[in-house]
Amino acid sequence: MKIGLRLLLGYFLIVAVAGYFVLSIFVQEVKPGVRRATEGTLVDTANLLAQIARQDMQRGDAAHGQLAQAFTQLNQRPIGANISGIRKDRSEYHVYLTDAQGRVIFDSAGRAQGQDYSRWNDVYRTLRGEYGARSTRSDPEDENSSVMYVAAPVIEQGRIIGVLTVGKPNSTMAPVIKRSERRILWAGALLLGIALLIGAVFVWWINRSIGRLVRYADGVAQGESAPLPKVGGRELTQLAQALESMRLKLEGKAYIEQYAHTLTHELKSPLAAIRGAAELLQELPPPETARRFLTNIEQQSARIQQLVDKLLVQARLESRPDMETAPIAIAALVSQTMAGKEAQATQRGVRLQLEALAEMTLNGDALLISQALTNLLDNAIDFTPPGGCVSVRGERREQHYCISVCDDGSGIPDYALDKVFERFYSLPRAERPKSSGLGLNFVQEVARLHHGGIHLRNRRPHGVEATFMLSL
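Conventions and cut-offs
Residues numbered from 1 in each chain as written. Predicted model: local features only at pLDDT ≥ 70, side-chain atom pairs only at ≥ 80, totals over all residues. Heavy atoms only, no water. UniProt positions renumbered as here; feature names shortened; annotations may be inferred. Helix = DSSP H or I, 4+ residues; strand = E, 2+ residues; numbered from the N terminus. Buried < 20%, exposed > 50% of the residue type's maximum accessible area, 1.4 Å probe, protein only. Areas by Shrake-Rupley, 256 points an atom, 1.4 Å probe, with all protein chains shown as cover. Contact = heavy atoms within 4.5 Å. Salt bridge = Lys/Arg side-chain N within 4 Å of Asp/Glu carboxyl O. Polar contact = N/O pair within 3.5 Å; in protein donor to acceptor, adjacent residues only side chain to side chain. Pairing = 2+ DSSP bridges. Axes fitted to C-alpha atoms, helices over the stretch in contact; angles between N-to-C directions. Core = buried A, V, L, I, M, F, W, Y, C linked by side-chain atoms within 4.5 Å. Disulfide = S-S within 2.5 Å. Patch = residues over 30% accessible without salt bridge, like charges linked within 9 Å, V, L, I, M, F, W, Y side chains within 5 Å. Lys, Arg positive; Asp, Glu negative; His and termini not counted. Charge placed at Lys NZ, Arg CZ, Asp CG, Glu CD.

Looking up the chain in an unreviewed UniProt entry gives the name histidine kinase, with the organism given as Serratia montpellierensis. Heading Subcellular location (unreviewed entry) of the UniProt record for the chain holds this comment: "Cell membrane". Turning to the chain, the UniProt annotation filed under Catalytic activity (unreviewed entry) states: "ATP + protein L-histidine = ADP + protein N-phospho-L-histidine."

> What am I meant to see in the overall build of the chain here?
A count of helical and extended segments in the chain gives 10 helices and 14 strands. A burial count over the chain gives 37% of its 472 residues as buried. Roughly 28,200 Å² of accessible area belongs to the chain as shown, and the carbon and sulfur atoms make up 56% of that amount.

> Explain the environment of Ile 381 here, please?
Position of Ile 381 relative to the elements: it lies in helix 9 (residues 366-383). Residue class for Ile 381 comes out buried when judged on its relative accessible area of 0%. For Ile 381 and Gly 349, which are 32 residues apart along the polypeptide, the C-alpha to C-alpha distance reads 9.2 Å. With residues near it in sequence (within four places) discarded, Ile 381 still touches Lys 341, Gln 344, Ala 345, Arg 348, Val 350, Leu 352 and Val 390.

> For this particular structure, what's the right way to read the pattern of salt bridges?
According to the stated counting rule, one finds 12 salt bridges in the structure shown. Asp 378 serves as the salt-bridge partner of Lys 341, at 2.6 Å between the closest nitrogen and oxygen. Here the residue Lys 341 occupies a position in the loop between helix 7 (330-340) and helix 8 (342-348), and Asp 378 occupies one in helix 9, the gap between them amounting to 37 residues. Exposure remark for Lys 341: the relative accessible area of 10% places this residue in the buried category. Note that Arg 393 and Glu 355 form a salt bridge whose closest N and O atoms lie 3.3 Å from each other. Placement of Arg 393 in strand 11 (residues 389-397) and of Glu 355 in strand 9 (residues 351-357) is noted, with a sequence separation of 38 residues between them. A relative accessible area of 43% means that Glu 355 is categorised as partly exposed. Three or more residues are tied together by salt bridges with common partners; here these are Glu 355, Arg 393, Glu 395, Arg 397, Arg 457 and Glu 465.

> Help me understand the side chain of Thr 384, please; the structure alone is not making it clear to me.
Its place among the elements puts Thr 384 in the loop between helix 9 and strand 11. The buried category is assigned to Thr 384, whose relative accessible area is 0%. A distance of 2.5 Å separates the side chain of Thr 384 from the backbone oxygen of Ala 380, its partner in a polar contact. Sequence-distant contacts of Thr 384, that is, excluding residues within four places in its chain, are made with Arg 348, Val 350, Cys 389, Val 390, Asp 407, Asp 408 and Gly 409.

> What is the right way to look at the environment of Ile 52 in this model?
Inspection of the secondary structure puts Ile 52 in helix 1 (residues 3-59). Using a relative accessible area of 28% as the deciding quantity, one classes Ile 52 as partly exposed. Through-space distance from the C-alpha of Ile 52 to that of Leu 67 is 6.5 Å; in sequence the pair is 15 residues apart. Among residues more than four places away in sequence, those in contact with Ile 52 are Gln 66 and Leu 67.

> Looking at this structure, how should I read the sheet that holds strand 6 (residues 146-156)?
Sheets are built from strands paired through backbone hydrogen bonds, the pairs being either parallel or antiparallel. The strand order across the open sheet built from 5 strands is 4-3-7-6-5, with neighbouring strands paired in antiparallel fashion. Edge positions in the sheet fall to strand 4 (104-107) and strand 5 (133-137), since each of these pairs with one other strand and no more. For this sheet, the mean inter-axis angle between neighbouring strands, taken without regard to orientation, is 25°. Lying on the sheet, helix 2 (residues 66-74) is in contact with strand 3 (94-99), strand 4 and strand 7 (159-169); it crosses strand 4 at an angle near 30°.

> Quick question: what am I supposed to make of the side chain of Ser 145 here?
Along the chain, the position of Ser 145 falls in the loop between strand 5 and strand 6. Look at Ser 145 and you get buried, because its relative accessible area is 11%.

> Is there a simple way to think about the nonpolar core in this case?
In a soluble, globular protein the nonpolar side chains are often hidden away together inside. If you look at the biggest cluster of nonpolar residues, it comprises 40 residues, and the most contacted ones within it are Ile 330, Ile 369, Leu 376, Val 390, Ile 403, Val 405 and Phe 468. Contributing elements (two or more residues each) for this core: helix 7, helix 9, strand 11, strand 12 (400-406), helix 10 (439-449), strand 13 (453-458) and strand 14 (464-471). No other element matches the 8 residues that helix 9 contributes to this core. For Val 390, the contacting residues outside a window of four places in its chain are Val 350, Arg 351, Leu 352, Gln 353, Leu 377, Ala 380, Ile 381, Thr 384, Val 405, Cys 406 and Asp 407. If you look at the next biggest cluster of nonpolar residues, it comprises 25 residues, including Ala 46, Ala 50, Phe 106 and Leu 164.

> Would you mind going over the state of the cysteines with me for this structure?
Two cysteines, two sulfur atoms, one covalent bond between them: this is a disulfide. Inspection of the entire model under this criterion finds 0 disulfides. For the unlinked cysteine Cys 406, the closest cysteine sulfur is that of Cys 389, found at 9.2 Å. Since its relative accessible area comes to 5%, Cys 406 is described here as buried.

> Would you mind going over the pairing of strand 10 (residues 361-364) with me for this structure?
In the case of a regular strand, side chains alternate between the two sheet surfaces. Along strand 10, the buried face is formed by Leu 362 and Gly 364; none of Thr 361 and Asn 363, which line the opposite face, is buried. Relative to strand 10, strand 8 (residues 326-329) is paired through 4 bridges, and the arrangement is antiparallel. Its bridge partner lying in strand 10, Pro 327 is registered against Asn 363.

> Would you mind showing me how to read a negative patch on the surface here?
Where like charges cluster on the molecular surface, the negative patch consists of Asp 139, Glu 141, Asp 142 and Glu 143. You can see Glu 141 is positioned in the loop between strand 5 and strand 6. The class for Glu 141 is exposed, based on a relative accessible area of 73%.

Dropping the structure here:
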């Protein structure tokens, strides 16, 4: 299971458990809360009606007094109240009045008049000056038939002369309770959905950041020059910086090892030649032979010097993560570079030709571009036979400016097409010593710094086209 999915499941499980307990508490508190509120209204109603009942009891006709007349007319017409979507058309109050001995002298339902209620908790406690209330089922087998009763004393000159009780069926509160529970459950489901969405976004962000780091590590492992990704978050940024630091140290170590191996390999041949010539000179050969050996020593020394100089330039170039750019008139730069190679081309009997050159301005390092183009022209001139032509063309292709250098040489062998950009890899030249093998690698690094590329292809029927691309 992926780490992101684990995080999402763990996060959702925590939210779900917490939400369950919170919702459970809320739902469990709805019914008691509604009943407590209803009991409060019953207390107020009972005490208010007790004042009316006192007047009826003073007149000695509680069964036909003001209280009885009010309840007789109460439900003659529908109330027509709409309480937050709950329709109320009649009063559900059940009111009865007892005398000081607990005998019912008035019952709004007309069922209990004359009965002894002195043992019911509401009447019993109220007659003793306490708070009287009870909840009793009208049907002992039905738990939903319970009725809540609250009593208030009827007091005359500081003496309790009766008890007025107001009752209300708990079933009348069921719609309110169910609606409240339903709303709480809907709100809880919405809360869980929002929490899941937030968790999914959070996990997506973590997965995206980790994915960037994985792709970065894979790119580095495959030898690509991958930029350090922006991941966001302090911890992930520190991880990315640690990976970048590790990459730089490993690349630096591998870079030094590779350069030491390749440099040692490339220096073996000229050093062996110099050593052999020196040993032969110790035998005092004829002057003509000695001059040939001295010339060989000079050529091999110059080759070593050239190799070391180019390695230093290459090392400085590869160690640059970026460069300082400036606007460049690319057409003028290409023309100027070609003009500098006219003498070399003429000496080799090769014609330089500028086919087309689009006028554009781009940002870059003019010196590096000129050096890279010089390397391409050097290769083209070296591999073009006398009487041949080297042509240059510059044009815009989508988001790149492409400089194409074409020669009339023999082309690149198939086995060498994927090796020509390696350091120190060089193809033999006619009547010329082997090159350092760093020119095309230098061009590749310059193209990388300019967010471009270099591409070689064999032309038909002969020759090579090198396309040097620079980002606009």
